[in-house]
Amino acid sequence: MSTINKNISLVGLGKLGLCTASCMAASGYNVLGFDINKSLISQLKDHVTPYDEKDLETVLEKAGENLTPYYLQFQKAIDETDITFIIVPTPSMESGSFSTKILESVLVELSMHLKNSNKDYHLIVVVSTVSPETIYSRLIPLVESKSGRIFNKNFGMCYNPEFIALGSVIKDFYHPDMVLIGHENESDAIRIKEVYQTVCKNDPVYSLMSINSAEITKISLNAYITMKISFANTLANLCYQVPKSNIDDITTALGADRRVGSRFLKGGAPFGGPCFPRDSRAFSEFARSKQVISYLAEATDQVNKSHSDFILDVISRNMGMGDAVGVLGLSYKHGTPVIEESFSLTLIHALLKSKHSVYVYDKFAMDNARGIFQNTIHYSENIEKCLLKCQMIIITTSDNEFQVLPELLAKSKGKTIIDIWRIFEEDSFDGHTYIGIGS
Ligand SMILES: NC(=O)c1ccc[n+]([C@@H]2O[C@H](COP(=O)([O-])OP(=O)(O)OC[C@H]3O[C@@H](n4cnc5c(N)ncnc54)[C@H](O)[C@@H]3O)[C@@H](O)[C@H]2O)c1
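In this report, the structure presented in the accompanying data block is examined. Everything numeric here is computed off the predicted structure, so don't read it as measured data.

**A look at the overall build of the chain**
Helix and strand counts for the chain stand at 16 helices and 14 strands. Expected size for 439 residues packed as a compact globule is a radius of gyration near 22 Å; at 24 Å, the chain falls within 12% of this value. Overall, the chain is about 75 × 50 × 40 Å in size when its C-alpha atoms are taken along their principal axes. Residue burial in the chain is summarised as follows: out of 439 residues, 53% are buried. Considering only intrachain contacts with a sequence separation of at least 6, the fraction spanning at least 24 residues in the chain is 71%. Side chains of the chain carry 42 positive and 50 negative charges; the gap between the two charge centres is 2 Å.

Structure, rendered in structure tokens:
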């Protein structure tokens, strides 16, 4: 690992930050992790894995003593390390751009310790998603004013956002397609690159560019992917109207053309989750702030809403008055407990509004759903119990666990199954009505 200082500090041990810290620690770095959540720090000290995230437990175990969690005490970050990654929330504001309130409070705290420190240089790496022009126009001046230090002379700041997906954060962190580093000073960027070269198990593309370009790149990527998803969803809607057409045949053919590519080109549920919708909206908002109308990003948002209306319409046309409905899948995608902006939330609200009894099942997301719907819906402890009283069953995520459905429904008759991801063949259900949306 050459001359690299092996101490790294990282502020914000949340869904992204803890995975990042653990991967770095498991790769030999001595990581000092800081968070404002006392109970999270206690859990980590007691070796309890705080989130359902694939492989996190294993990586935390491997990280062992290399990861030390601290409740705040940011002074240690300045005193004991030369580089601090910040991965705190940047919630979306009504306008669509990202709030930097928490990020700024962390920077003020770090700056105060920097002011009192006699070290020559400290590198701050912003990983949290920010709107373009935030770092140059707000964050660097803030640290300069609070620390009395000069940017690029006594401290550095880079932008190094992640492109990971919940449910595969660890895998994505170890095997990124691309590592994005926005910088003003090449030696800072090289310092970050060295960390990734040590941690990554593949050989990603390193995209080094100005901070402003990196900020635009970050939100452009999700704005582009959501555009692709929305195009496939529009095709699914079309195929639903056209007899003897099939969305999967079409997207498989389109995706085979390398100019298009197959990833995220699959008709299914409207996109949701903590990143896609907000990044796409942030892109539109940023473009508007520059008097550029981003017709594509704006339309993507509208297509997503109208796709949701389209699926709700298919459901209501096929259900009887007062039917009990089973919803299989609550999260915005399978394999994660996260339900933020998931289609299931929209669906359940609509079903409750039209006075249907709702039974739900999801392997990971039941507790989060309870937090929202409380006792207005029925929480089933397994798939079988979810199906029992329902005339209609709606599959909202492409979870492998749902493959047991034909077997579980073999002895009953007359139910309607709506499958948003078409995880079954048309003839999988004897005596029931099966509707795979898009085929
Ligand atoms: N989770 C993802 O899939 C993902 C993907 C790409 C980018 N991001 C970005 O990463 C950032 C963090 O996202 P997340 O999902 O990890 O959020 P999170 O809410 O899961 O975690 C944030 C953590 O920061 C801690 N925190 C809050 N205020 C703090 C403070 N003042 N000092 C110290 N710690 C503090 C919280 O206690 C929490 O543990 C966001 O900007 C998000 O947009 C997240």
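There is more to say, and it comes next.
**With respect to the environment of Leu408**
Locating Leu408 in the fold gives a position in helix 16 (residues 405-408). Here Leu408 falls in the partly exposed class, since its relative accessible area comes to 29%. C-alpha separation for the pair Leu408 and Leu387, spaced 21 residues apart in sequence, amounts to 8.4 Å. With residues near it in sequence (within four places) discarded, Leu408 still touches Ile383, Glu384 and Leu387.

**Side note on unusual backbone geometry**
The backbone of Gln73 sits at a positive phi, close to 55 degrees, despite the residue not being glycine. Examined against the element boundaries, Gln73 turns out to sit in the loop between strand 3 (67-71) and helix 4 (75-80). The phi dihedral of Lys244 is positive, around 55 degrees, even though this residue is not glycine. In this fold, Lys244 is placed in the loop between helix 9 (211-241) and helix 10 (247-256).

**Re the environment of Leu254**
For Leu254, the location among the structural elements is in helix 10. Residues Leu254 and Leu265, spaced 11 residues apart in sequence, show a C-alpha to C-alpha distance of 8.5 Å. Excluding residues that lie within four positions of it along the chain, Leu254 makes contacts with Phe231, Leu235, Val260, Gly261 and Leu265.

**Observations regarding the site of the ligand**
Residues in close proximity to the ligand total 26 residues, the closest being Lys15, Leu16, Asp35, Thr90 and Arg278. A distance of 2.9 Å is found between an oxygen atom of the ligand and a backbone nitrogen or oxygen belonging to Leu16. Contact between the ligand and Arg278: an oxygen atom at 2.6 Å from a side-chain N or O atom of the residue. Of the residues that constitute the shell around the ligand, the class distribution is 14 nonpolar, seven polar and five charged.

**Let's talk about the nonpolar core**
Ranked by internal contacts, the top residues of the largest apolar core, which has 47 residues, are Leu328 and Leu405. If sequence neighbours within four positions are ignored, Leu405 has contacts with Leu328, Ile383, Leu387, Ile393, Ile395, Ile417, Phe424 and Phe429. Residues Ala26, Val59, Ile164 and Val195 belong to the second largest nonpolar core, which totals 44 residues.

**Observations concerning the pattern of salt bridges**
Taken as a whole and assessed by the stated rule, the structure comprises 15 salt bridges. Two residues, Asp55 and Lys54, come together in a salt bridge whose shortest N-O distance is 4.0 Å. Here Lys305 and Asp301 are joined by a salt bridge, their closest N and O atoms 3.3 Å apart. Here the residue Lys305 and the residue Asp301 both occupy positions in helix 12 (residues 295-317), the gap between them amounting to four residues, near one helical turn. For Lys305, a relative accessible area of 55% gives the class exposed. Using a relative accessible area of 17% as the deciding quantity, one classes Asp301 as buried. It is possible to trace a salt-bridge network through shared partners that takes in Asp248, Lys266 and Arg422.

**Thoughts on a nonpolar patch on the surface**
Residues Phe231, Ile250, Leu254 and Val260 make up a contiguous nonpolar surface patch of roughly 310 Å² in combined accessible area. Assessed through its relative accessible area of 32%, Leu254 is described here as partly exposed.

**What to know about the packing of aromatic side chains**
Per the counting criterion, the structure on display carries 10 aromatic pairs. Seen in terms of ring centroids, Phe424 and Tyr434 are 6.4 Å apart; in terms of plane orientation they differ by 85 degrees. Their pairing is edge-to-face. With a gap of 10 residues between them, Phe424 in the loop between strand 13 (416-419) and strand 14 (433-436) and Tyr434 in strand 14 connect regions that are remote in the sequence. Residue Tyr434 is classed as buried on the basis of its relative accessible area of 10%. The interplanar angle of 20 degrees and the centroid separation of 5.6 Å between the aromatic rings of Phe429 and Tyr434 together place this pair among those described as stacked. Side by side, Phe429 and Tyr434 carry an identical accessibility label, which is buried.

**Topic: the environment of Val88**
For Val88, the position within the fold is in the loop between strand 4 (83-86) and helix 5 (101-115). Along the primary structure Val88 and Lys146 are separated by 58 residues, whereas in three dimensions their C-alpha atoms are 20 Å apart. Contacts of Val88, omitting those with residues within four sequence positions, involve Val11, Gly12, Ile102, Leu103, Val106 and Ser128.

**A short note on the sheet that holds strand 10 (residues 358-361)**
Working definition: the strands of a sheet are paired by backbone hydrogen bonds and lie parallel or antiparallel to each other. Read across the sheet, six strands follow the order 11-10-9-12-13-14 without closing on themselves; strand pairing throughout is parallel. Among the strands making up the open sheet, the edge pair consists of strand 11 (378-379) and strand 14.

The rules we used
Residues numbered from 1 in each chain as written. Predicted model: local features only at pLDDT ≥ 70, side-chain atom pairs only at ≥ 80, totals over all residues. Heavy atoms only, no water. Helix = DSSP H or I, 4+ residues; strand = E, 2+ residues; numbered from the N terminus. Rg over C-alpha atoms; globule rule 2.2 N^0.38 Å. Buried < 20%, exposed > 50% of the residue type's maximum accessible area, 1.4 Å probe, protein only. Contact = heavy atoms within 4.5 Å. Lys, Arg positive; Asp, Glu negative; His and termini not counted. Charge placed at Lys NZ, Arg CZ, Asp CG, Glu CD. Near = heavy atom within 4 Å. Polar contact = N/O pair within 3.5 Å; in protein donor to acceptor, adjacent residues only side chain to side chain. Nonpolar A, V, L, I, M, F, W, Y, C, P; charged D, E, K, R; others polar. Core = buried A, V, L, I, M, F, W, Y, C linked by side-chain atoms within 4.5 Å. Salt bridge = Lys/Arg side-chain N within 4 Å of Asp/Glu carboxyl O. Patch = residues over 30% accessible without salt bridge, like charges linked within 9 Å, V, L, I, M, F, W, Y side chains within 5 Å. Areas by Shrake-Rupley, 256 points an atom, 1.4 Å probe, with all protein chains shown as cover. Phe/Tyr/Trp six-rings, centres within 6.5 Å; stacked < 30°, edge-to-face > 60°. Pairing = 2+ DSSP bridges.

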